[in-house]
Amino acid sequence: MSPPNPKSPLGPTGAPAAPNRFTEAFGDWTPQAVVFDCDGLLLDTETVWQRAQDTVVGSRGVSLSAADETTLHGSTLEDAAALIAARAGQDPQDIDADLRREFDRELGAGIRLMPGAEEIVRLTGAKVPLGCASNSWLESLEEKLVLGGLREHFAVLEASDTVERAKPAPDMYAAAARALGAEPMVTLAFEDSGTGAQAARDAGLRLIVVPTPGHPVPSADLVLGDLTDPELAAWISTW
């Protein structure tokens, strides 16, 4: 048999060859499981959350600094309530209740998938088991994934109330990998926030980041502009 043509788009098994930048980032490594973040990566809930947060902050007569907004990106609702309460000099439990009520109200208007999210979830789910790890509380994560039409693809959900410590601690990603039957070192995470990226890295997962515009780009194995990147789909097809 003749050796593969080095200029051919097919690898030696006949499968499409991995794009160069994925080969540079991952070599011949492929995941045995994948864990996705949810908010801002798969679902456009960051917009929903921002409206809810702005309503609560405005009603309390305070304003948040750019540093506050960066701190809140990817944080838990409890952390957001504590920060807003500190700025307003008010009870965190009252702020927490207001945030939950406003977020649920905003969700009632519908939810939008991020570009490429459905395709990438389907492609990865056809290859390996999937988990979703979110700093939302579990009931909210379930509701959002159902509204977005993605719930059926995930075998495992981890949330701020299913582990001892939420992101940026590694607990959530480590737990998701174990529940999927994979070691962290053979599990791939997809994230958009620095908070989540730190959690995935510290848990020992490999990491692809799709950073949120206007926020710092977290350290990762590979950074993509969005999930519609055709080379991402091509790489997944080689697993």
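Residues numbered from 1 in each chain as written. Predicted model: local features only at pLDDT ≥ 70, side-chain atom pairs only at ≥ 80, totals over all residues. Heavy atoms only, no water.

*Asks:* Sorry if this is basic, but what is going on with the overall build of the chain here?
*Replies:* What the chain contains, in helices and strands, is 10 helices and 6 strands. Dimensions along the principal axes, computed over C-alpha positions, put the chain at roughly 75 × 30 × 30 Å. For the chain, the residues scored as buried account for 51% of the 239 residues in total. Of the contacts made within the chain by residues no fewer than 6 positions apart, 64% connect residues no fewer than 24 positions apart. Looking at the chain as shown, the accessible area adds up to about 11,000 Å², and 51% of this sits on carbon and sulfur atoms. (Helix = DSSP H or I, 4+ residues; strand = E, 2+ residues; numbered from the N terminus. Buried < 20%, exposed > 50% of the residue type's maximum accessible area, 1.4 Å probe, protein only. Contact = heavy atoms within 4.5 Å. Areas by Shrake-Rupley, 256 points an atom, 1.4 Å probe, with all protein chains shown as cover.)

*Asks:* Teacher, can you tell me more about the confidence of the model for the chain here?
*Replies:* Should the pLDDT be low somewhere, the predicted coordinates at that spot are not to be read in detail. Across the chain, the average pLDDT comes to 87, with 90% of residues at 70 or higher. The model gives residues 1–12 a pLDDT under 50, and that stretch makes 9 contacts with residues more than four places away or in other chains. (pLDDT = per-residue confidence, 0-100.)

*Asks:* Sorry, what's going on with the nonpolar core here?
*Replies:* Generally speaking, nonpolar side chains in soluble globular proteins are found buried as a group. With 76 residues, the main nonpolar core has Phe36, Leu42, Phe154, Ile208 and Leu232 as its most contacted residues. In terms of residue count, helix 4 (residues 77–88) provides more of this core than any other element does, 7 residues in total. Ignoring sequence-local partners within four residues, the contact set of Phe154 consists of Phe36, Leu42, Val121, Leu130, Gly131, Cys132 and Leu145. (Core = buried A, V, L, I, M, F, W, Y, C linked by side-chain atoms within 4.5 Å.)

*Asks:* Please explain the packing of helix 2 (residues 45–59) against helix 5 (residues 92–107) as it appears in this structure.
*Replies:* A pair of packed helices can be characterised by two numbers: the angle between their axes and the separation between those axes. Helix 5 packs onto helix 2 with a crossing angle of 135 degrees between their chain directions and a minimal axis gap of 9 Å. If you check the angle between helix 2 and helix 5, you find them oblique. Here helix 2 and helix 5 pass one another in a crossing that is right-handed. Between helix 2 and helix 5, the contacting residues are Thr45, Val48, Trp49, Arg51, Ala52, Gln53, Thr55 and Val56 on the first element and Ile95, Asp98, Leu99, Glu102, Phe103, Glu106 and Leu107 on the second. Within the contact of helix 2 with helix 5, the residues separate by chemical class into 8 nonpolar, 3 polar and 4 charged. (Axes fitted to C-alpha atoms, helices over the stretch in contact; angles between N-to-C directions. Parallel < 35°, antiparallel > 145°, perpendicular 65-115°, else oblique. Left-handed = near helix turned anticlockwise from the far one by under 90°. Nonpolar A, V, L, I, M, F, W, Y, C, P; charged D, E, K, R; others polar.)

*Asks:* Could you clarify how one ought to interpret the sheet that holds strand 5 (residues 206–209) in this entry?
*Replies:* Whether parallel or antiparallel, the strands of a sheet pair through hydrogen bonds between backbone atoms. Strands sit in the order 3-2-1-4-5-6 across an open sheet of 6 strands; the sheet is parallel. Looking along the sheet, the strands with just one partner apiece sit at the ends: strand 3 (156–158) and strand 6 (222–223). Those strands touched by helix 9 (residues 194–203) are strand 4 (187–191) and strand 5, and its axis lies near 160 degrees from that of strand 5. (Pairing = 2+ DSSP bridges.)

*Asks:* In this structure, what is going on with the pairing of strand 2 (residues 130–133)? I would like to understand it.
*Replies:* Of the two faces of strand 2, the one holding Leu130 and Cys132 and the one holding Gly131 and Ala133 are both buried throughout. Looking at chain direction, strand 1 (residues 33–36) and strand 2 are connected through 3 bridges and run parallel. Pairing of Val34 across the sheet is with Leu130, part of strand 2.

*Asks:* How should I be thinking about helix 5 in this particular structure?
*Replies:* Since the α-helix turns once every 3.6 residues, residues separated by three or four places project in the same direction. Along its 16 residues, helix 5 runs 22 Å from first to last C-alpha, staying within 8% of the 22 Å computed at 1.5 Å per residue. For helix 5, the set of buried residues is Ile95, Asp96, Asp98, Leu99, Glu102, Phe103, Glu106 and Leu107. Buried residues along helix 5 cover an arc of 165 degrees about the axis, so they all sit on one side. The exposed residues of helix 5 that point more than 90 degrees off its buried face are Gln93 and Arg105. For helix 5, the elements touching its buried residues are helix 2, helix 4 and helix 7 (138–147). Where helix 5 begins, one side-chain oxygen reaches toward the backbone nitrogen of Gln93, 2.9 Å away; that side chain belongs to Asp91. (Expected span 1.5 Å × (residues − 1). Arc of directions from axis to C-beta. Polar contact = N/O pair within 3.5 Å; in protein donor to acceptor, adjacent residues only side chain to side chain.)

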